[in-house]
Amino acid sequence: MKLRSLILLMCSVPPSVAAETLTLVDAYQSALQNGSIFSAAQSEKMAAIEDLPQARSALRPNLSIISNYALEDYERDYTTLEKPITSSSLHLRLKQPLYDRPAWYRVARAEDKIKVDVLRLEEKRQQIAYDVSEAYLGEILKKEAFYLAKAERESYLKQWERVNNSVQLGLASRVDLLESKARLDTADAQVLKSENEWREAKRKLHKIIGGERGLQAGVDSQQLPTEADALLQLKELEFKLDDVSYWVDASSENIQRRMAVLGVQLMKSDRNIAIAGRYPTLTFSADLENSRHDDPTVLEDSIETTELNVRTVLDLLRNDRANIDAMALSVESAAALLQAVEESHKVGLKDLGSVLDAKAGLYATKRRMAEAVYTAILHRLQLNQAVGPLSERELKV
């Protein structure tokens, strides 16, 4: 079944940089073009398509032509022949199978094999879509964490400069100066750590994308959606998140489940081919083989696993919705607390350490908010992947 537009991938990019910035769809298309796994799956599908005409050829008329031509020119009893001796023959043979059960079963198996390889190709494509989304959004998350760390470091630097001036004027103690310097040093370390994590996220994305696009790609102008956008997207599903039966029914389009169904058919085709020798053909030769292998648990296990995955992701999305709501309130509370502490510090009711702690709490809460939005996006992608299509349409901005 088709679901409505998937999610909240990014906010819009300004027109001046959109042409130079790698979008999620661009990254996904580049990964498809350069990925060896997807190319191998495409090759397997093409090979399966070629096997079908070969299987059908055993049921179609077969015309064989044998032609011979010979020329003899030699001496007989020391006398040269006046004309060479020539001989030629043409043999036509037409063969039309009228009853050949093994050939019929091979055709049926070839048709099922094409369906399996088409689904396997779709499975690889969806997995690439999810992997690219995870790496792409992961880089944006690390980028935002880096800029948050820089902003926090800048705030501590200004605070240290103010305290340093106050110390020189005798308005603040050396303890305040040392505490401000300690917070500034910690912020410097956090900036370096965030920068390294961002660089590693870039390498991961570029490795998945591959090719020249992967080497030149950048997401500097992209950002995660705000918590309001994330909640808006989740609320579009609010009437369905608690309807487990709806998503369980939708999971009938799950790729692994459909492949399991076709896998059972392939096993039946193999069994039919193996026992088809007991039936006579036009040559009246037949082999008898008694074998049986029915394993319905393969399909049952796949269905149960799919339904369990759907229920699990729904639980995670409900938790994400509650988490984003809670984190939004936490950000507001942390901002209000920082403002109150700074006002109290100005009138001497709070020391500098309280101001620094409030700032650290605000930035930590903002980082957790960004992580909550990132997690909600990935869980929403997992839900779409579990119930059926995860296509390029859902990855567009």
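For clarity, every value in this text was computed on a predicted model and none was experimentally measured. (Residues numbered from 1 in each chain as written. Predicted model: local features only at pLDDT ≥ 70, side-chain atom pairs only at ≥ 80, totals over all residues. Heavy atoms only, no water.)

**Student:** Would you take a moment to explain helix 4 (residues 101-168) for this structure?
**Tutor:** Note that an α-helix has 3.6 residues per turn; residues three or four places apart therefore point the same way. Here helix 4 contains 68 residues, and its C-alpha end-to-end distance of 99 Å stays within 8% of the 100 Å for a straight helix at 1.5 Å per residue. Count one or two residues on from helix 4 and you reach G170, which has phi positive near 80°. (Helix = DSSP H or I, 4+ residues; strand = E, 2+ residues; numbered from the N terminus. Expected span 1.5 Å × (residues − 1).)

**Student:** When you look at the layout of surface pockets in this model, what are you seeing that I'm missing?
**Tutor:** One simple way to see leftover space: roll a probe sized like a water molecule over the atoms. Volume-wise, the largest pocket comes out at about 470 Å³. In terms of lining, the largest pocket is formed by 21 residues, of which the most central are E123, Q127, I128, D131 and Q385. Those elements that place two or more of their residues in the lining of the largest pocket are helix 4, helix 10 (255-275), helix 11 (297-346) and helix 12 (352-387). (1 Å grid on protein atoms, 1.4 Å probe; cavity = no way out; pocket = protein on both sides within 12 Å on 5 of 7 lines; lining within 4 Å. Points joined across faces, edges and corners; volume = space filled by probe spheres on them.)

**Student:** Hey, could you run me through the pattern of salt bridges in this one?
**Tutor:** It is possible for side chains bearing opposite charge to pair when their charged atoms get close. Scanning all chains against the criterion turns up 13 salt bridges. In this structure, the salt-bridge partner of R125 is E122, at a minimum N-O distance of 2.4 Å. You can see R125 and its partner E122 sitting in helix 4, three residues apart, about one turn around the helix. Here K346 ties to E343 by a salt bridge, and the two come within 3.9 Å at their closest N and O atoms. Linking K346 with E343, this pair stays in helix 11, spanning three residues, or about one helical turn. (Salt bridge = Lys/Arg side-chain N within 4 Å of Asp/Glu carboxyl O.)

**Student:** Can you help me understand a nonpolar patch on the surface in this one?
**Tutor:** Residues I65, L90 and L92 make up a contiguous nonpolar surface patch of roughly 340 Å² in combined accessible area. The topology assignment puts L90 in strand 4 (residues 85-95). Since its relative accessible area comes to 61%, L90 is described here as exposed. (Patch = residues over 30% accessible without salt bridge, like charges linked within 9 Å, V, L, I, M, F, W, Y side chains within 5 Å. Areas by Shrake-Rupley, 256 points an atom, 1.4 Å probe, with all protein chains shown as cover. Buried < 20%, exposed > 50% of the residue type's maximum accessible area, 1.4 Å probe, protein only.)

**Student:** When you look at the confidence of the model for the protein in this model, what are you seeing that I'm missing?
**Tutor:** Low-confidence regions, as indicated by low pLDDT, have predicted coordinates that should not be scrutinised in detail. The predicted model of the protein has a mean per-residue pLDDT of 75, with 74% of residues at 70 or higher. Of all the helices and strands in the protein, helix 1 (residues 15-18) carries the lowest mean pLDDT, 37, while helix 5 (residues 174-209) carries the highest, 90. Here residues 1-19 is a poorly scored stretch, pLDDT under 50, and it has 56 contacts once near neighbours within four places are set aside; other chains count. For the stretch residues 283-296, pLDDT sits under 50, and the model shows 21 contacts to residues farther than four places along the chain or on other chains. (pLDDT = per-residue confidence, 0-100. Contact = heavy atoms within 4.5 Å.)

**Student:** Explain the packing of aromatic side chains here, please?
**Tutor:** Aromatic ring pairs: the centre-centre distance and the angle between the two ring planes describe each pair. According to the stated counting rule, one finds three aromatic pairs in the structure shown. Each ring, one from F146 and one from W198, has its centre 5.4 Å from the other, and the planes form 40°; the classification is tilted. With F146 in helix 4 and W198 in helix 5, this pair connects stretches of sequence that are 52 residues apart. With respect to burial, F146 and W198 carry one shared label: buried. One aromatic cluster is present, built from ring pairs that chain together F146, Y147 and W198. (Phe/Tyr/Trp six-rings, centres within 6.5 Å; stacked < 30°, edge-to-face > 60°.)

**Student:** Would you take a moment to explain the side chain of T365 for this structure?
**Tutor:** Note on placement: T365 falls in helix 12. The buried category is assigned to T365, whose relative accessible area is 5%. A polar contact of 2.7 Å, which involves the side chain of T365, links it to the backbone oxygen of G361. Excluding its chain neighbours within four sequence positions, the residues that come into contact with T365 are M327, S330, V331 and A334. (Polar contact = N/O pair within 3.5 Å; in protein donor to acceptor, adjacent residues only side chain to side chain.)

**Student:** Would you mind going over the nonpolar core with me for this structure?
**Tutor:** Generally speaking, a soluble globular protein has its nonpolar side chains buried in company with each other. Core analysis: the biggest nonpolar cluster contains 34 residues, and V132, Y136, L137 and M369 have the highest contact counts within it. When contributions to this core are tallied by element, the ones reaching two or more residues are helix 2 (24-34), helix 3 (36-57), helix 4, helix 5, helix 11 and helix 12. One finds V310, L317, A386 and V387 within the second-largest nonpolar core, a separate group that totals nine residues. (Core = buried A, V, L, I, M, F, W, Y, C linked by side-chain atoms within 4.5 Å.)

**Student:** Help me out: how do you make sense of the environment of N34 in this one?
**Tutor:** You can see N34 is positioned in helix 2. For N34, a relative accessible area of 39% gives the class partly exposed. Sequence-wise, N34 and I209 are 175 residues apart; in three dimensions their C-alpha atoms are separated by 6.9 Å. At a separation of 3.0 Å, a polar atom in the side chain of N34 contacts the main-chain carbonyl oxygen of S30.

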